[in-house]
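For reference, the chains in residue letters:
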Amino acid sequence: MSFAQEKIEKKVFDASCLKTAACLRAFYFTYLRKVGKKGGRLPLLFGTAMHLALERHYKGESVDSSLEAFDSLPSFSVSGDDLRTKDRGKAIFLNYLALYKKEDFTILHAETDFVLPFPGFSYSGRIDLVIRFLEQIYIMDHKTSGRSCSSYYFNYFRPDMSTTGYCYACKELMGECAGAQISVLSTARNPKVPFMRAIVNHTPQETEDWREEVIHRAETVIIAYNRWRNGLSYRKAFPRTTNLCSEYGGCPFRELCIYGDSQRFLYVDTSVHEKKE
Ligand code: SF4
């Protein structure tokens, strides 16, 4: 049984898992069928390397140690992608450090894991940073974007299941949370605005709705999973939700949903099976 499936068995869900469950078929392909996005690993690897470099930096490690995070990336262009090489990752990171040489916040916690109990399941995640900024407590989340930074980008985080979840968890852990500071690093070629930060707040109503959404999605996944484990075919247990097929440049599973899951269209992604320490 894969690590991803083990978590489902234990009824431990995180934001990306519940977001994917907006279409149960996509959830099935992602977490239970090992189907990945063909040729789409480099952006993920690049984002992971950048995240690791930032984690080391904010934990107080040396610049050299942070830069080593990019060693997992190729030194040359792969499939024509010359934007996500090792050198480019290092250059973006060093420019970020130069811009934010003196931070205007204090770090309270770095890389904080949390597990929140819900009726019948748990909601887990990891907060990049818990910070004190202008006498208030915020969470800080770093993101990479393929476009030049703009204020429009921050609309993605309101409403957003992950961000509201981080703020909710921060409130549970620290007793307060004034909102989220989203810090964006552009990976675009010569971006007009390479870095940008903004505060994203949440109304009490958003938080209440987030709770209901988490409960609804988790319960839906548990029911579908149990039906599938009891022998129902995946097509019946995990029905499609077709209004999401064209979102964000198109769902990676479109061919499977249109032509069926013949081997011709299957690409096995082992990443969802690797246990992340
Ligand atoms: S193509 Fe559409 S229906 Fe199929 S998995 Fe993706 S979002 Fe769901």
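Residues numbered from 1 in each chain as written. Predicted model: local features only at pLDDT ≥ 70, side-chain atom pairs only at ≥ 80, totals over all residues.

S.K.: How should I be thinking about the overall build of the chain in this particular structure?
M.R.: On a plain count of helices and strands, the chain comes out with 10 helices and six strands. C-alpha extents for the chain along the principal axes are approximately 55 × 45 × 35 Å. Taking as baseline every contact in the chain between residues at least 6 positions apart, the subset at least 24 positions apart corresponds to 67%. (Helix = DSSP H or I, 4+ residues; strand = E, 2+ residues; numbered from the N terminus. Contact = placed C-beta atoms within 7 Å.)

S.K.: Is there a simple way to think about the pairing of strand β5 (residues 179-186) in this case?
M.R.: Remember that side chains alternate between the two faces of the sheet whenever the strand is regular. Summarising the sheet, strand β4 (residues 136-145) and β5 pair through eight bridges and their orientation is parallel. Residue pairing in the sheet places Ser 145 in a bridge with Ser 186 of β5. Taking the sense of rotation as the criterion, the β-α-β connection linking β4, helix α7 (residues 161-174) and β5 turns out right-handed. In this structure, β5 lies alongside strand β6 (residues 195-200), joined through six bridges in antiparallel fashion. Residue pairing in the sheet places Ala 180 in a bridge with Val 200 of β6. (Pairing = 2+ DSSP bridges. Right-handed = clockwise from strand over helix to strand, strands pointing away.)

S.K.: What should I look at first to understand the pairing of β4 in this one?
M.R.: Taken together, the five bridges between strand β3 (residues 121-133) and β4 define a ladder with antiparallel strand orientation. Residue pairing in the sheet places Leu 129 in a bridge with Met 140 of β4. Count of turn residues in the β3/β4 antiparallel hairpin: two residues, of which Leu 134 carries a positive phi of about 50°.

S.K.: Is there a simple way to explain the site of the ligand in this structure?
M.R.: The immediate surroundings of the ligand are formed by Cys 23, Arg 25, Ala 26, Arg 240, Thr 241, Thr 242, Leu 244, Cys 245, Cys 251, Phe 253, Arg 254 and Cys 257. Every element with two or more residues in the shell around the ligand is listed here: α3 (24-32) and α10 (254-259). Of the residues belonging to the shell around the ligand, the class tally is seven nonpolar, two polar and three charged. (Near = placed C-beta within 6 Å. Nonpolar A, V, L, I, M, F, W, Y, C, P; charged D, E, K, R; others polar.)

S.K.: Sorry if this is basic, but what is going on with the environment of Thr 241 here?
M.R.: The residue Thr 241 is located in the loop between α9 (234-237) and α10 in this model. You can call Thr 241 partly exposed: it has 14 C-beta atoms within 10 Å. Remark: the alpha-carbon pair of Thr 241 and Asp 104, spanning 137 residues in sequence, is separated by 44 Å. Beyond its immediate chain neighbours, meaning those up to four positions away, Thr 241 contacts Ala 22, Cys 23 and Leu 24. (Buried ≥ 20, exposed ≤ 12 C-beta atoms within 10 Å, placed from the backbone.)

S.K.: Sorry if this is basic, but what is going on with the domain arrangement of the chain here?
M.R.: In terms of domain boundaries, the chain breaks down into domain 1 (3-38 + 211-268) and domain 2 (103-202). Spacing between the C-alpha centres of domain 1 and domain 2 amounts to 26 Å. On the side of domain 2, 10 residues touch domain 1, which itself brings 12 residues to the contact. Listing elements by their share of the side of domain 1 that touches domain 2, those giving two or more residues are β1 (12-14), α2 (15-20) and α8 (204-229). The greatest single-element share of the side of domain 1 that touches domain 2, amounting to five residues, is contributed by α8. Broken down by class, the residue content of the side of domain 1 that touches domain 2 amounts to eight nonpolar, no polar and four charged. (Domains from an automatic or database assignment.)

S.K.: Before we go on, may I ask you to explain α3 in this structure?
M.R.: An α-helical turn contains 3.6 residues, so a residue and the one three or four places further along point in the same direction. The element α3 is largely enclosed, with a buried count of nine among its nine residues. Of the residues one or two after α3, Lys 34 is the one with positive phi, at around 60°.

S.K.: Explanation requested: the nonpolar core in the structure shown.
M.R.: The nonpolar side chains of a soluble globular protein tend to be buried with one another. Grouped together as the largest cluster of nonpolar side chains are 56 residues, with contacts concentrated most on Phe 27, Ile 139 and Cys 170. Residue contributions to this core peak at seven residues, all from α3. Of the domains in this structure, domain 1 (3-38 + 211-268) and domain 2 (103-202) are the two that each give at least three residues to this core. Apart from residues no more than four positions distant in its own chain, Ile 139 is found in contact with Ile 127, Leu 129, Val 130, Tyr 166, Cys 167, Cys 170, Cys 177 and Ala 180. (Core = buried A, V, L, I, M, F, W, Y, C linked by C-beta atoms within 7 Å.)

S.K.: Is there a simple way to think about the packing of α7 against α8 in this case?
M.R.: The description of two packed helices rests on the angle between their axes and on the distance between the axes. Here α7 crosses α8 at 110°, and the two axes come no closer than 10 Å. Here α7 lies roughly perpendicular to α8, going by the angle between them. Contact with α7, carried on its side by Met 161, Thr 164, Gly 165 and Tyr 168, involves Glu 206, Thr 207, Trp 210 and Glu 213 of α8 and no other residues of that element. Residue composition of the contact of α7 with α8, grouped by class: three nonpolar, three polar and two charged. (Axes fitted to C-alpha atoms, helices over the stretch in contact; angles between N-to-C directions. Parallel < 35°, antiparallel > 145°, perpendicular 65-115°, else oblique.)

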